[in-house]
Amino acid sequence: MKKKQKEYLSDLIDESYGSPSRLAQHLDMGVEMLFYLEEDTFDKREVQSVVSALKGIILALRMRE
């Protein structure tokens, strides 16, 4: 991973989630949601939070120097 990507991911974690373990919790919830996503299983805000985490990581992985 390039330095720019590492810096972005580090900033994303610090600014959006506070710690790597908090980001991991969001991603773990996302995995659970994929298995159990049915109406009224998770509230809309929880789903949006997980989607934001996943999109941030995807963006970082696609970054080029």
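Given the structure is predicted, the values throughout are model-derived calculations rather than measurements. (Residues numbered from 1 in each chain as written. Predicted model: local features only at pLDDT ≥ 70, side-chain atom pairs only at ≥ 80, totals over all residues. Heavy atoms only, no water.)

Peer 1: Can you tell me about the nonpolar core, naming the residues and giving the values?
Peer 2: Ranked by size, the top nonpolar core spans eight residues in total: Leu9, Leu12, Ile13, Tyr17, Leu23, Ala53, Ile57 and Ala60. Elements with a minimum of two residues in this core: helix H1 (3-17) and helix H3 (44-62). The element best represented in this core is H1, accounting for four residues. Apart from the residues within four sequence positions on either side, Ile57 is in contact with Leu9, Leu12, Leu23 and Leu27. (Core = buried A, V, L, I, M, F, W, Y, C linked by side-chain atoms within 4.5 Å. Buried < 20%, exposed > 50% of the residue type's maximum accessible area, 1.4 Å probe, protein only. Helix = DSSP H or I, 4+ residues; strand = E, 2+ residues; numbered from the N terminus. Contact = heavy atoms within 4.5 Å.)

Peer 1: Account for H3, naming residues and giving values.
Peer 2: For H3, spanning 19 residues, the distance from its first C-alpha to its last is 27 Å, which sits close to the expected 27 Å at 1.5 Å a residue. All of the buried residues in H3 are Val50, Ala53, Gly56, Ile57 and Ala60. Seen from one end, H3 has its buried residues packed into an arc of 120 degrees, which puts them on one side. The outward face of H3, more than 90 degrees from its buried face, is lined by the exposed residues Lys44, Lys55 and Arg62. (Expected span 1.5 Å × (residues − 1). Arc of directions from axis to C-beta.)

Peer 1: Summarise a nonpolar patch on the surface; cite the residues concerned and give the values.
Peer 2: Together, Val31, Phe35 and Tyr36 make up a nonpolar patch on the protein surface, roughly 350 Å² of accessible area in all. The topology assignment puts Phe35 in helix H2 (residues 20-36). With relative accessibility at 63%, the residue Phe35 sits in the exposed group. (Patch = residues over 30% accessible without salt bridge, like charges linked within 9 Å, V, L, I, M, F, W, Y side chains within 5 Å. Areas by Shrake-Rupley, 256 points an atom, 1.4 Å probe, with all protein chains shown as cover. Salt bridge = Lys/Arg side-chain N within 4 Å of Asp/Glu carboxyl O.)

Peer 1: Any details on the confidence of the model for the protein chain? Residues and values, ideally.
Peer 2: Averaged over the protein chain, the pLDDT score is 81; the fraction of residues at 70 or greater is 95%. Summarising per-element confidence for the protein chain, the mean pLDDT is lowest in H2 (82) and highest in H1 (85). (pLDDT = per-residue confidence, 0-100.)

Peer 1: Just give me the short version of the environment of Glu38, but keep the residues and values in it.
Peer 2: Inspection of the secondary structure assignment puts Glu38 in the loop between H2 and H3. The spatial distance from the C-alpha of Glu38 to the C-alpha of Leu61 is 29 Å, given a sequence separation of 23 residues.

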